[in-house]
Amino acid sequence: MNKLTYLCFLVLLIVPIKCEDGVFPKKFAIFEDIEEWEVEEDEGDEFDEMLEFPSWRSGHGRNKILVNVDAFGAVGDGVSDDTQAFVNAWKQACSSPTKSVFLVPEGRRYLVNATRFRGPCADKIVIQIEGTIVAPDEPKNWDPKNPRMWLDFYNINKAIFQGNGVIDGSGSKWWAESCKKNKSNPCKGAPTALTIDSSSAVRVKGLTIQNSQQMNFVISRSDSVRVTGVKVSSPEDSPNTDGIHITGSTNVVLQNCKIGTGDDCISIVNASSRIKMKNIYCGPGHGISIGSLGKDNSTGIVEQVVLDNAFIRGTTNGLRIKTWQGGSGYVRSIRYQDVRMDNVSNPIIIDQFYCDSPTTCQNQTSAVEISQVMYRNITGTSKTQKAMKFACSDTVPCTHIVLNNINLQSMDGTVETYCNSAAGFGYGYVQPSAECLSSSDKDTSILQEKETDSSHQNSREHIIHTEL
């Protein structure tokens, strides 16, 4: 197949334009789905109101039962252990047959140990956080039965988390003991500050989550979760402190969130789909990431992800998809749109050779397949020469990469696009040029090689890297 024929073939498959009958080409029908996705404006609901009854006592109001942790013995001095008061207040609020409000009053600091707040609750519940909830700061005293969680909300339905309060993980000693800070220490997991697990129809509004021991906010095995106006903050050098981590979840919306951490601002991993993000500020951190996926020869699947309107500043990556060699599964139907970069080291990167390991990862032929990824209206400055990098597997190449209106510049010098085993197409203005996606001799034969030489070994050691 000569270059001109191959280019025409790509135009028919990849350029997301509709045919005369108004329908996308069948090969790219899934792009039609994400073209129609919009993040609806947050119009509120029946629970969205600031509480008008006194914050210092329990009572009734507006057909809701107020359950104040202070009424159950919480001291709120940041020193006394208020865990049992929180547990007892939760039991009453969750079991109430009337809509209840679990209240953490303003102006106080509540020291709470690792706790699982279990549902299901008898009726809809509001978790109103106005004060500060703080974690014990000494790792050696942490509950060994709960090594990976701090505040965990499990199996709740139709719940609202809201308020101007703070969830503070007191993570500094945990970070100092991390193997990434101290190479002589073993690598081990640490608690997540806030977890929503196995839940549905949950809203989180306005909270600040900061200084987590490890990940700040995890949405796990849940459906229909909306996060609005949340701020996540951890120091730039704090290890593994992902801002918002989505795993095994569907129909998740993140909107108007400001995130700065020592790891990914947002990370989306296996068994997650229909994820919408809009008006996201990211920095510092490692960018907005899908993955990592496929570690230890596992299967990873992520699809139908949309990012619409983001500002990414001073991060080590911008829009990143990262997978380990040896994995299986796929990442597909992804759209990044209207994203501004400022001094980002790797603005656009797909990395099928991800290796966050103290030892060199071995070459393997299997990989998580990456296809149908659209980048539209991506502008700004790159801190490195390679503003766009598509480092894909020889045996499972990246396909159907779409670039539209890309303008990435360097603060000093020129920028370029790097491709390995990546096929796609750019239209409109594309800077730096991405001709390597479709026009080089090597790339025109990618699909043929995949079909005719499934035993081909990946031996390019220079594109094996550690975490970026």
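Residues numbered from 1 in each chain as written. Predicted model: local features only at pLDDT ≥ 70, side-chain atom pairs only at ≥ 80, totals over all residues. Heavy atoms only, no water.

It is worth spelling out the overall build of the protein at this point. Across its full length, the protein holds 6 helices and 31 strands. Relative to its full complement of 468 residues, the protein shows a buried share of 57%. Considering only intrachain contacts with a sequence separation of at least 6, the fraction spanning at least 24 residues in the protein is 75%. Surface summary for the protein: the accessible area is close to 19300 Å², and the carbon and sulfur share equals 48%. (Helix = DSSP H or I, 4+ residues; strand = E, 2+ residues; numbered from the N terminus. Buried < 20%, exposed > 50% of the residue type's maximum accessible area, 1.4 Å probe, protein only. Contact = heavy atoms within 4.5 Å. Areas by Shrake-Rupley, 256 points an atom, 1.4 Å probe, with all protein chains shown as cover.)

Ordered by their spatial adjacency, 11 strands build an open sheet running S6-S9-S12-S15-S18-S20-S22-S24-S26-S28-S30, and the pairing between neighbours is parallel. The open sheet has two edge strands with one neighbour each: strand S6 (115-118) and strand S30 (416-420). Within the sheet, the average angular offset between the axes of one strand and its neighbour, ignoring direction, is 15°. In terms of strand pairing, strand S18 (residues 244-247) meets strand S20 (residues 266-268) through 3 bridges, oriented parallel. Looking across to S20, one finds that His245 is bridged to Ser267. (Pairing = 2+ DSSP bridges. Axes fitted to C-alpha atoms, helices over the stretch in contact; angles between N-to-C directions.)

Looking now at the side chain of Ser382. With respect to the element layout, Ser382 can be found in strand S27 (residues 369-382). Polar side-chain contacts of Ser382 include one of 2.7 Å to the backbone oxygen of Thr384. Residues in contact with Ser382, not counting those within four places in the same chain, are Val344, Ser345, Pro347, Ala387, Gln409, Ser410, Met411 and Val415. (Polar contact = N/O pair within 3.5 Å; in protein donor to acceptor, adjacent residues only side chain to side chain.)

Another point: the state of the cysteines. In a disulfide, the sulfur atoms of two cysteines are held together by a covalent bond. All told, the structure shown has 6 disulfides when counted by the stated rule. Sulfur-sulfur distance for the disulfide between Cys355 and Cys361 comes to 2.0 Å. Judged by the sign of its S-S torsion, about 85°, the bond between Cys355 and Cys361 is right-handed. A relative accessible area of 2% places Cys355 in the buried class. Judged by its relative accessible area of 15%, Cys361 falls in the buried class. The disulfide partner of Cys392 is Cys398, and the gap between their sulfur atoms is 2.0 Å. The disulfide joining Cys392 to Cys398 has a torsion of about -95° about its S-S bond and is therefore left-handed. Classification of Cys392 as buried rests on a relative accessible area of 0%. (Disulfide = S-S within 2.5 Å.)

The full count for this structure, using the stated rule, is 13 aromatic pairs. For the ring pair Trp90 and Phe117, a centre distance of 5.6 Å and an interplane angle of 75° mean the geometry is edge-to-face. Of this pair, Trp90 sits in helix H3 (residues 83-95) while Phe117 sits in strand S6, and the two are 27 residues apart along the sequence. Note on Phe117: relative accessible area 2%, which makes it buried. A network of ring pairs unites the aromatic residues Phe86, Trp90, Phe102, Tyr110, Phe117, Phe153 and Phe161 as a single cluster. One Lys or Arg, Lys258, reaches over the ring of Tyr281 and ends 5.4 Å from the middle of that ring. Residue placement shows Lys389 over the ring face of Tyr418; its charged tip is 6.0 Å from the ring centre. (Phe/Tyr/Trp six-rings, centres within 6.5 Å; stacked < 30°, edge-to-face > 60°. Lys NZ or Arg CZ within 6 Å of the ring centre and 35° of its normal.)

This part takes up H3. Given a rise of 1.5 Å per residue, 13 residues ought to cover 18 Å, and the 18 Å separating the end C-alpha atoms of H3 matches this to within 8%. By the burial criterion, the buried members of H3 are Thr83, Ala85, Phe86, Val87, Ala89, Trp90, Ala93 and Cys94. (Expected span 1.5 Å × (residues − 1).)

For the rest of this paragraph, the subject is the pattern of salt bridges. Enumeration over the complete set of coordinates arrives at 11 salt bridges. Of the charged contacts, one joins Arg320 and Asp264 as a salt bridge, the two residues approaching to 2.9 Å between their closest N and O atoms. Residue Arg320 is located in strand S24 (residues 319-323), and its partner Asp264 is located in the loop between strand S19 (250-260) and S20; the two are separated by 56 residues in the primary sequence. A single burial state applies to Arg320 and to Asp264, both of which are buried. Here the salt bridges do not stand alone but share partners, grouping Asp264, Arg320 and Lys322 into one network. (Salt bridge = Lys/Arg side-chain N within 4 Å of Asp/Glu carboxyl O.)

All right, on to the side chain of Asn420 then. Tracing the backbone through its elements, the reader meets Asn420 in strand S30. Polar side-chain contacts of Asn420 include one of 3.3 Å to the side chain of Asp394.

Here strand S23 (residues 299-313) runs beside strand S25 (residues 328-344); their pairing, made up of 13 bridges, is parallel. If you follow Asp308 over to S25, its bridge partner there is Gln337. Across 11 bridges, the pairing between S25 and S27 is parallel. Bridge assignment links Val344 to a residue of S27, and that residue is Ser382.

In the predicted model, the protein carries a mean pLDDT of 86, and 80% of its residues have values of at least 70. Every residue in residues 3-27 is under pLDDT 50, and counting partners more than four places away or in other chains gives 42 contacts. Segment residues 439-468 is flagged for pLDDT under 50; beyond a separation of four residues in sequence, or across chains, it makes 69 contacts in the model. (pLDDT = per-residue confidence, 0-100.)

So, on to the pairing of S30. One face of the sheet, then the other: side chains in a regular strand alternate in exactly this way. Counting buried residues along S30, 4 of its 5 residues qualify, which places the element largely inside the surrounding structure. With 5 bridges joining them, strand S28 (residues 386-391) and S30 adopt parallel strand pairing. Bridge pairing in S30 places Ala391 opposite Asn420.

Let's shift gears to the environment of Thr316. With respect to the secondary-structure elements, Thr316 resides in the loop between S23 and S24. In this structure, the C-alpha to C-alpha distance between Thr316 and Thr384, residues 68 residues apart in sequence, is 9.9 Å. Among the polar contacts listed, one links the side chain of Thr316 to the side chain of Asn317, at a separation of 3.3 Å.

Following Gly119, the chain continues into Pro120 via a peptide bond in cis, with omega recorded as 0°. One can find Pro120 in the loop between S6 and strand S7 (125-129). Put simply, Gln431 and Pro432 share a cis peptide bond, and its omega is 5°. Of note, Pro432 is situated in the loop between strand S31 (422-431) and helix H5 (441-444). If you check the backbone angles, Asn211 has positive phi at about 55° while not being a glycine. Along the chain, the position of Asn211 falls in the loop between strand S14 (208-210) and strand S15 (217-220). Judged by relative accessible area, which is 23%, Asn211 ranks as partly exposed. Backbone geometry at Asn279 places phi at a positive 55°, although glycine is not the residue there. Mapped onto the fold, Asn279 is located in strand S21 (residues 272-282).

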